[in-house]
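As a plain string of letters, each chain reads:
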Amino acid sequence: MIIWEATNGAYINRENLNEKLISLEATHDGNRVFVGSANGVLRIFNVSNRSMPKLVKIEWYSKFGINILRESPNRKHLLIGAKGDKEFWIINSTSFVFECYFSMPSPVKDLTWL
């Protein structure tokens, strides 16, 4: 995985991951990047120091992979889900602490904040 600066296209860093990455979300300020994999793993990178990005959390969530990542409109939470899964999770997007879990009666097609 290669991380680039969106504002000017400058190279930031390369992370060697042996997984297929299928989703990406960045905080509004661009200081944190959330990456979901086909194996159901969420990786959270702190890229506030552009010269030294740091992996701050890695956690498994779904056997269906993580292909839905959405930061909340108030920028305080991250919605994590997978198309085809009946479950989804919400974490604090600053502290990365798990906040809640939901199980739906039928598989998720997409998720969004209201």
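Residues numbered from 1 in each chain as written. Predicted model: local features only at pLDDT ≥ 70, side-chain atom pairs only at ≥ 80, totals over all residues. Heavy atoms only, no water.

## Focus on the pattern of salt bridges
Side-chain pairing between opposite charges can occur once the charged atoms of the two side chains come close.
So, step 1. This model, assessed by the stated rule, comprises three salt bridges.
So, step 2. A salt bridge links glutamate 19 to arginine 43; the shortest N-O distance between them is 2.6 Å. Here the residue glutamate 19 occupies a position in the loop between strand S2 (11-14) and strand S3 (21-26), and arginine 43 occupies one in strand S5 (residues 41-46), the gap between them amounting to 24 residues. Comparing glutamate 19 with arginine 43 shows no difference in burial state: the two are buried. (Salt bridge = Lys/Arg side-chain N within 4 Å of Asp/Glu carboxyl O. Helix = DSSP H or I, 4+ residues; strand = E, 2+ residues; numbered from the N terminus. Buried < 20%, exposed > 50% of the residue type's maximum accessible area, 1.4 Å probe, protein only.)

## A short note on the layout of surface pockets
Take a probe with the size of a water molecule and roll it over the atoms, and the empty space left behind shows itself.
So, step 1. What the largest pocket holds in volume is close to 330 Å³.
So, step 2. Ile3, Trp4, Leu24, Ala26 and Val33 are the residues nearest the centre of the largest pocket, which is lined by 17 residues in total.
So, step 3. When contributions to the lining of the largest pocket are tallied by element, the ones reaching two or more residues are strand S1 (2-4), S3 and strand S4 (32-37).
So, step 4. Among the elements that take part in the lining of the largest pocket, S3 stands out by supplying four residues, more than any other.
So, step 5. Grouping the constituent residues of the lining of the largest pocket by class yields 12 nonpolar, three polar and two charged. (1 Å grid on protein atoms, 1.4 Å probe; cavity = no way out; pocket = protein on both sides within 12 Å on 5 of 7 lines; lining within 4 Å. Points joined across faces, edges and corners; volume = space filled by probe spheres on them. Nonpolar A, V, L, I, M, F, W, Y, C, P; charged D, E, K, R; others polar.)

## Focus on a nonpolar patch on the surface
So, step 1. Taken together, the side chains of Ile2, Trp4 and Tyr11 present a nonpolar region at the surface, about 340 Å² in accessible area.
So, step 2. Mapped onto the elements, tyrosine 11 comes out in strand S2. (Patch = residues over 30% accessible without salt bridge, like charges linked within 9 Å, V, L, I, M, F, W, Y side chains within 5 Å. Areas by Shrake-Rupley, 256 points an atom, 1.4 Å probe, with all protein chains shown as cover.)

## A word on the environment of alanine 38
So, step 1. Tracing the chain through its elements places alanine 38 in the loop between S4 and S5.
So, step 2. We classify alanine 38 as partly exposed; its relative accessible area is 31%.
So, step 3. Linking alanine 38 and alanine 82, residues 44 residues apart in sequence, is a C-alpha distance of 9.4 Å.
So, step 4. Setting aside its immediate chain neighbours within four residues, alanine 38 contacts Lys20, Ile22, Phe64 and Gly65. (Contact = heavy atoms within 4.5 Å.)

## Remarks on the packing of aromatic side chains
So, step 1. Using the criterion set out here, one finds three aromatic pairs in the structure.
So, step 2. Pairing phenylalanine 88 with phenylalanine 102 gives two aromatic rings, centres 5.0 Å apart and planes at 20°, and the pair type is stacked. Of this pair, phenylalanine 88 sits in strand S9 (residues 87-92) while phenylalanine 102 sits in strand S10 (residues 98-103); the two residues are 14 residues apart in sequence, bridging distant segments of the chain.
So, step 3. Relative accessible area serves as the criterion here: at 34%, phenylalanine 102 is assigned to the partly exposed category.
So, step 4. Counting every residue linked through ring pairs, the aromatic cluster contains Tyr61, Trp89 and Tyr101. (Phe/Tyr/Trp six-rings, centres within 6.5 Å; stacked < 30°, edge-to-face > 60°.)

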